[in-house]
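Architecture and fold: a report
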Amino acid sequence: MSKVLEVKGLTTQFESKNGPLTVVDQVDFIVEKGEVLGIVGESGCGKSVTSLSILQLLDKHGTISSGEVFYQNINLVEKNEKEMKKIRGKEISMIFQDPMTSLNPVLTIGKQIGEVIEQHEKLKGQEVKQKVVKLLQLVGIPRADEIYHEYPHRLSGGMKQRVMIAIAIACNPTLLIADEPTTALDVTIQAQILDLLRSLKDEMDMSMLLITHDLGVVAEMCDRVVVMYAGQVVETTDTRTLLRHPKHPYTIGLIQSTPHQSKGEKRLKSILGQVPTPDQFSHGCRFVERCPKAMEICQSTAPPLYDVDSHTSCRCWLYENKGDVI
Ligand code: SF4
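Residues numbered from 1 in each chain as written. Predicted model: local features only at pLDDT ≥ 70, side-chain atom pairs only at ≥ 80, totals over all residues. Heavy atoms only, no water.

**Focus: the side chain of Asp25**
Locating Asp25 in the fold gives a position in strand S2 (residues 21-32). A residue is classified by how much of its surface remains accessible, and Asp25, at 15% relative accessible area, is buried. Once residues lying within four places of it in the same chain are set aside, the contact partners of Asp25 are Leu10, Thr11, Gly231, Gln232 and Arg286. (Helix = DSSP H or I, 4+ residues; strand = E, 2+ residues; numbered from the N terminus. Buried < 20%, exposed > 50% of the residue type's maximum accessible area, 1.4 Å probe, protein only. Contact = heavy atoms within 4.5 Å.)

Okay, here's the thing in structure tokens:
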């Protein structure tokens, strides 16, 4: 397989009144062609900031302080805004969590999808309209000709997310980044949107980076998974291994607190405590306050990422003698 995206040592900081805070810390991962890579973790673990950093969509307080983001061997970190505008939507597209706020309420659906096509392709007038109607049909919107003229408030949440997906795939991107694409939707609609994303990925030969807190979504969609905690990668492996043989105590906690993944258990176990904010990160392991297996060394010294086997890495002192430091 060839690499579509390679993130190397990505570190993103945000300004605060007490100085810069590191929200994403030395993150590494690869998205291979045709695969769905999941990034999983609770809110506040740095998943969304990682995806916004890839596309340079951070707000004015955030900066990439070090690292590289290679998209097909081009380092996106070195690109300016004009160059990024040519890549966003055309090469790499993004679907956001909340379709209710992502669409412009004063523009028709047709206009909003058409704008992306006009920006990246040499199509005009009726050609654009025909392509928009085809896209609406492709994402399963009924009466596409009529919906073309509608405003977003006339559509349900699920239909709005289908429109967002139509915008994202309008120019046949190579990589689709989906940030919690079903979190804001009703449970019944969530499954439909996941089905749609899966079939579009196959039909259009896309790769996907899927950001989620939901291990059920990971089980349904992902080939491989990166688990993030407090801004760092703590485990990387294939989905089957992650769900059946999780290594990191945080991953084990996530699985035990997921209804779907802990069948047989009479009670769900929650992970005690909360994800620390960047100004509370421990000098030792960042999970130490919540970890049922914490040892003395965990308080004082941060664990490196160990290569546990050929496809699994884990940031935990429990694996000190079971793998090489990456
Ligand atoms: Fe738990 Fe220690 Fe491993 Fe951190 S390094 S996850 S505290 S056992």
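**What to know about the site of the ligand**
If you check the shell around the ligand, you find 13 residues, and the closest are Cys285, Cys291, Cys298, Cys316 and Trp317. Looking at side-chain class alone, the shell around the ligand contains eleven nonpolar, one polar and one charged residues. (Near = heavy atom within 4 Å. Nonpolar A, V, L, I, M, F, W, Y, C, P; charged D, E, K, R; others polar.)

**Details of unusual backbone geometry**
A positive phi is found at Arg143, a non-glycine position, where the angle reads about 50 degrees. Its place among the elements puts Arg143 in the loop between helix H5 (125-138) and helix H6 (144-147). Arg143 sits in the partly exposed class, given a relative accessible area of 49%. Notably, Ala230 is not glycine yet its phi reads approximately 45 degrees, a positive angle. With respect to the helices, strands and loops of the structure, Ala230 is situated in the loop between strand S9 (224-229) and strand S10 (232-238). Residue Ala230 is classed as buried on the basis of its relative accessible area of 1%.

**Some thoughts on the nonpolar core**
Counting residues in hydrophobic clusters, the biggest one holds 100 residues, and the most contacted among them are Phe29 and Ile113. By residue number, the principal contributor to this core is helix H7 (residues 157-169), which donates seven residues. Looking at which domains feed residues into this core, each of domain 1 (3-91 + 173-260 + 268-325) and domain 2 (99-172) supplies at least three. When residues no more than four places from it in sequence are discounted, the contact partners of Phe29 are Leu5, Glu6, Val7, Leu37, Ile39, Thr50, Ile54, Leu209 and Val226. (Core = buried A, V, L, I, M, F, W, Y, C linked by side-chain atoms within 4.5 Å. Domains from an automatic or database assignment.)

**Here's the deal with the UniProt feature "domain: ABC transporter" (unreviewed entry) in the chain**
In this structure's numbering, the residues bearing the UniProt feature "domain: ABC transporter" (unreviewed entry) are residues 5-255. This span, residues 5-255, is 40% helix and 27% strand, and a straight line between its end C-alpha atoms measures 27 Å. (UniProt positions renumbered as here; feature names shortened; annotations may be inferred.)

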